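# An overview of the molecular structure
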Amino acid sequence: MTTEPQISPLATDLKRELTLFDAVMINAGTMIASAIFIVPASIAAAVPGSAMSTLVWIIGGAVSLLGALSVAELAAAYPEAGGQYAYLREAYGPVPAFLYGWANFAVINTASIAAIAVGFARYVGFFTHSPLTEAAIRVSAIASIVGLTLLNCRGVRLGATTQNVLTSLKIAALLALIVSSFVLPGGAAANFQPLWPSGSVGQWIGPFGVAMVAVLWAYDGWIETTYVGSEIVDPGRNLPRSIILSTVIVVVLYVLASVAYTYVLSPAVVARSSLVASDAAKVTIGSAGAALVVVAILISTLGANNGIILTAARIPYAMARGGMFFRSQGLVHPRYGTPTVALLTQGVIASTLTAFGKYDQLFTYVVFAQFVFYALSAGAVIRLRKRAPQVARPYRTWGGDIR
Amino acid sequence: MTPIVFIAFAVWLVYNTIVETPRDSAIGAGLILLGLPGYWYWKTRR
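Reference entry: report on the structure contained in this document.

Here is what the cut-offs are and how they apply
Residues numbered from 1 in each chain as written. Chains lettered and ligands numbered in written order. Predicted model: local features only at pLDDT ≥ 70, side-chain atom pairs only at ≥ 80, totals over all residues. Heavy atoms only, no water. 1 Å grid on protein atoms, 1.4 Å probe; cavity = no way out; pocket = protein on both sides within 12 Å on 5 of 7 lines; lining within 4 Å. Points joined across faces, edges and corners; volume = space filled by probe spheres on them. Helix = DSSP H or I, 4+ residues; strand = E, 2+ residues; numbered from the N terminus. Nonpolar A, V, L, I, M, F, W, Y, C, P; charged D, E, K, R; others polar. Salt bridge = Lys/Arg side-chain N within 4 Å of Asp/Glu carboxyl O. Contact = heavy atoms within 4.5 Å.

## Some remarks on empty space enclosed by the protein
Residue and element names in this part refer to chain A.
- Under the counting rule described, the total for this entry stands at two cavities of 30 Å³ or more.
- The computed volume of the largest cavity comes to approximately 70 Å³.
- Lining the largest cavity are P40, A44, S53, T54, W57, S258, V259, Y261, T262, P267 and V270.
- Of all elements in the fold, only helix 3 (40-46), helix 4 (50-77), helix 10 (235-265) and helix 11 (267-272) reach the threshold of two or more residues within the lining of the largest cavity.

Written out as structure tokens, the structure reads:
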């Protein structure tokens, strides 16, 4: 008979057990939620013309990739729990880092989880006999948060494997939508007309900006895998690769999907569509196509939330480990090896926001801050090269030296 | 270049959001600054 060893939960660290594939699936899975099935309509409405709307998706993707390339250098140099929290702390000191962690703990990540869970729950109603009531939507949303939270408490391997399955399925569903648009009858090259809107260039700069904001939000999520920086094997190699690779994959998928919808529907019809992926699939596949899209959105939103729930709890964990937050947030479950208290607290806050329905309001308040912190991180690349040149940088982004 | 170009777009997006929704952004900034007492608390306790 053996006695179980007494391990202090605070002496236990998270272990490096996530691979390059896990990290790519976490990032790509968080970036792709419901936006690519819906948002192309608002882009087409803002900038009428298939070439112009495609350009918005390409430029938005390129900008996101620049952000990803910048963060990739920091991720490789500081492969720590909390990711961006650690980069801000190293570059700017404890105050901006604390405010970043606090904002994510209290609102940004928790309200995102609530919003995505409610999005998930709304599409569940597609398969019930009568539409779900508002109360039923909230209950289903909370059930999904609780389920994913408990799953991620049981081990990072279980959470990551779930993520691998859900992200693979969502990429497969998106590819099926794209391929069917071009292969099955229904689409036509003539649908790309008009390529550009009429009028002067200056007249379209404003609308282009509006569309660009929506696209940058659709691409958001490329930071996610940095939060599990202390759990990725061979981080100097795998972290930057996963961040860059996942962003490239998502950019290619988004550009192809937006082109595919237009090929089937034309810019004018895309602009009027409330669920553009479904309208395109109805033309090419038929009524089964609409059901396929709903299943794809269910998988996609569930997977995006799994990615956020898995990773975001590592921010309060990292803060607590540095003595800058409730000590209990830094506890690691002796058997499961996960930051269970941080995960459960995050689940409780997200569920509370879901129950009270104020998550979208809260989210609009703090949404601007997300890109303030991204900009600070990109600035940290330049600042840390000057202030901490001795730190090994397994990956160096192009043009990080500013004299 | 990579970080600089990204920062330019991020600053533009933030500026754009603040101009479009000044009241919401002000409340948001307040919510984030609410963390400051927490920072002081943990700094002195550490």
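## With respect to the layout of surface pockets
- Its boundaries defined by the atoms lining it, the largest pocket holds a volume of some 1100 Å³.
- In terms of lining residues, the largest pocket is bounded by 39 residues, among which A:A115, A:W217, A:A218, A:F363 and A:V367 are the most central.
- Of all elements in the fold, only helix 1 (20-31), helix 6 (94-124), helix 9 (205-219), helix 13 (287-312) and helix 16 (359-387) of chain A together with helix 1 (2-20) of chain B reach the threshold of two or more residues within the lining of the largest pocket.
- Per-element tally for the lining of the largest pocket: the top contributor is helix 6 of chain A, with nine residues.
- A per-class count over the lining of the largest pocket returns 20 nonpolar, 13 polar and six charged.

## Some details on the pattern of salt bridges
All names here are of chain A.
- For the structure shown, the criterion picks out ten salt bridges over all chains.
- Of the charged contacts in the structure, one is a salt bridge between R89 and E90, with a shortest N-O distance of 3.2 Å.
- Note that R122 and E134 form a salt bridge whose closest N and O atoms lie 3.5 Å from each other. Here R122 is found in helix 6, whereas its partner E134 is found in helix 7 (residues 134-153), with twelve residues between them in sequence.

## Some remarks on the environment of A:L99
- Structurally, A:L99 is set in helix 6.
- In this structure, the C-alpha to C-alpha distance between A:L99 and A:P207, residues 108 residues apart in sequence, is 33 Å.
- Residues contacting A:L99, with those up to four places away along its chain left out, are A:F373, B:I32, B:L33, B:G35 and B:L36.

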